[in-house]
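What follows is each chain in one-letter form.
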Amino acid sequence: MELEKIGEDTFKPDYDRFSLVNVSNSILAHFGYKAIHPVYPFEEQMPGLFGGVDKIIIFLIDALGLHSLQKILDREQLFEQENILLATSVFPSTTSASISSLLTACTPIEHGIVGYILYLKELGALVNMIELSSPTLGKVSSNFSSREILFAETIFERLLSIGVKGYVLTSKNIRGSGFSNLIHTGASVRSYQSFGDLFFKLREILQEDGKLFGFVYWGLLDSIGHRMGVDSQAFESELYWLLRMINKEVIPNIGNNTLFLIMGDHGQIATPWEKEIWWSWKDEISTFFTVPPGGEMRMMHIYTRKPKEVIEYIQRMCADKAMVFMRDQALEMGLFGGSGFREQSVERLGDVILIAKSNYSFYFKFTGREESLRSKHGGLSLEELVIPVVVFRR
């Protein structure tokens, strides 16, 4: 997998073949649904991989980047290197955009979840796309139908239309949340309360009859990375024991008609506090903003009527810390994916797109609840962008 370089340490997602969008299109194609985008080259790398497969399970570990996985495997060879394929996340490399892409088989510009915090002009407010809430308006999910927020059908809906059942296994804490309801449409949703409960219920899904696609979500690793750091012992220990438990409790229960994939949605990069750039309404750059920036700390959607002035300011003050692009430039580069631009998606993009360089990060003091995180994601470094796809067949 060779990635197109767009900066000294930033790379473009490979939407043509190797992104998680292509992974989900391979699943659609295998079950007989017409792929929306090119499929991931599984068969080129593992000929015959899909032969006799009736069940496909993705076990997604939030924040599992290739770099983090390799550290674990350097410590103990939990599975063979030949089982590990490489893919990229999407841009932004954040949960809301990446899991929406995986579970719709569409790029961010197609499904419309183009970031974590977005300005929705229908509401005239910034909206957290995970919580579907606004600092000024509170919960907003009741203001929209699902298709007015997520513009694409889910992979579960598409597969159900051809008789393939869909299952989701997710934490009890987030089952039924606004974002979960969007991306799980068409699936039978089950929840777990603990490690043991998760593996028991996953074994139940594996024993279901007929063709099925299952999606298992583990989100705690991402939280540990943000709080403790992607290079912390806590992060490494969480990942190590999770992978060991999967090896012990799941892999032995895979039938010969099952393809089991462990993958991430994005990685994380360590971001020291001394490389955090904090802006507020007191700073000169804020005079160009129409509303506070959206996105997150490693990428920003900057909403402004003066994009040239914003770009000039950042290039003058932060040239070594960030890359900036006009909205049309970012679209032309295909950062959010190509092909079917939806006007509603384009309207959610910032007039200026900021991407942090190196391990810098950017904050805007808006709600007063912003806090420094030890590791972050959203940008286009290799640590954030490159994810493993670990393949198991009997």
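Residues numbered from 1 in each chain as written. Predicted model: local features only at pLDDT ≥ 70, side-chain atom pairs only at ≥ 80, totals over all residues. Heavy atoms only, no water.

## Here we look at the packing of helix α3 (residues 66-75) against helix α11 (residues 233-249)
1) Next: The N-to-C vectors of α3 and α11 enclose an angle of 70°; their axes lie 10 Å apart at closest approach. By the angle between their axes, α3 is roughly perpendicular relative to α11. Of the residues in α11, those touching α3 at S68, L69, K71, I72 and R75 are F235, E236, L239, Y240 and L243. (Axes fitted to C-alpha atoms, helices over the stretch in contact; angles between N-to-C directions. Helix = DSSP H or I, 4+ residues; strand = E, 2+ residues; numbered from the N terminus. Parallel < 35°, antiparallel > 145°, perpendicular 65-115°, else oblique. Contact = heavy atoms within 4.5 Å.)

## Comments concerning the sheet that holds strand β7 (residues 165-171)
1) Next: What the seven strands build is an open sheet, ordered β2-β19-β10-β1-β9-β7-β8; its pairing is mixed. In this open sheet, the two edge strands, each paired with only one partner strand, are β2 (84-88) and β8 (188-192). Between one strand and the next, the sheet's axes are offset by a mean angle of 20°, whatever the strand orientation.
2) Next: Of the pairings in the sheet, the one linking β2 to strand β19 (residues 386-392) comprises five bridges and is antiparallel in character. Pairing of L86 across the sheet is with P388, part of β19.
3) Next: Each of β1 (55-61), β2, β9 (212-218), β10 (258-264) and β19 touches helix α1 (residues 20-30); the most contacted strand, β10, lies at about 165° to it. (Pairing = 2+ DSSP bridges.)

## Thoughts on the pairing of strand β17 (residues 361-364)
1) Next: Residues of β17 alternate between two faces, with S361 and Y363 on one and F362 and F364 on the opposite face, all of them buried.
2) Next: Relative to β17, strand β12 (residues 276-279) runs parallel, the two sharing four bridges. Looking at β17, one finds that W278 is bridged to Y363. (Buried < 20%, exposed > 50% of the residue type's maximum accessible area, 1.4 Å probe, protein only.)

## A look at the side chain of E276
1) Next: Topologically, E276 is positioned in strand β12.
2) Next: Among the polar contacts made by the side chain of E276, one reaches the side chain of W278 at a distance of 3.1 Å.
3) Next: Polar side-chain contacts of E276 include one of 2.5 Å to the side chain of S372.
4) Next: Residues contacting E276, with those up to four places away along its chain left out, are T271, S361, Y363, S372, L373 and K376. (Polar contact = N/O pair within 3.5 Å; in protein donor to acceptor, adjacent residues only side chain to side chain.)

## A few points about unusual backbone geometry
1) Next: A cis geometry characterises the amide bond from F91 onward to P92, with omega recorded as -5°.
2) Next: As for its placement among the helices and strands, P92 is situated in the loop between β2 and α4 (95-104).

## Remarks on the pairing of strand β3 (residues 117-120)
1) Next: Of the two faces of β3, only one is covered, namely that formed by L118 and L120; the face formed by I117 and Y119 stays uncovered.
2) Next: Bridging between β3 and strand β4 (residues 125-128) involves four bridges; their strand directions are antiparallel. From the neighbouring strand, Y119 faces β4, where its bridge partner is L126.
3) Next: Once β3 ends, the chain turns through four residues before running back antiparallel as β4, passing G124 with a positive phi of about 65°.

## Quick word on the environment of T170
1) Next: Here T170 is to be found in strand β7.
2) Next: A relative accessible area of 1% means that T170 is categorised as buried.
3) Next: Taking C-alpha positions, T170 is 7.7 Å from V189, a pair spaced 19 residues apart along the chain.
4) Next: The residues touching T170, leaving out its near neighbours within four places in the chain, are R175, H184, V189, R190, S191, Y192 and Y217.

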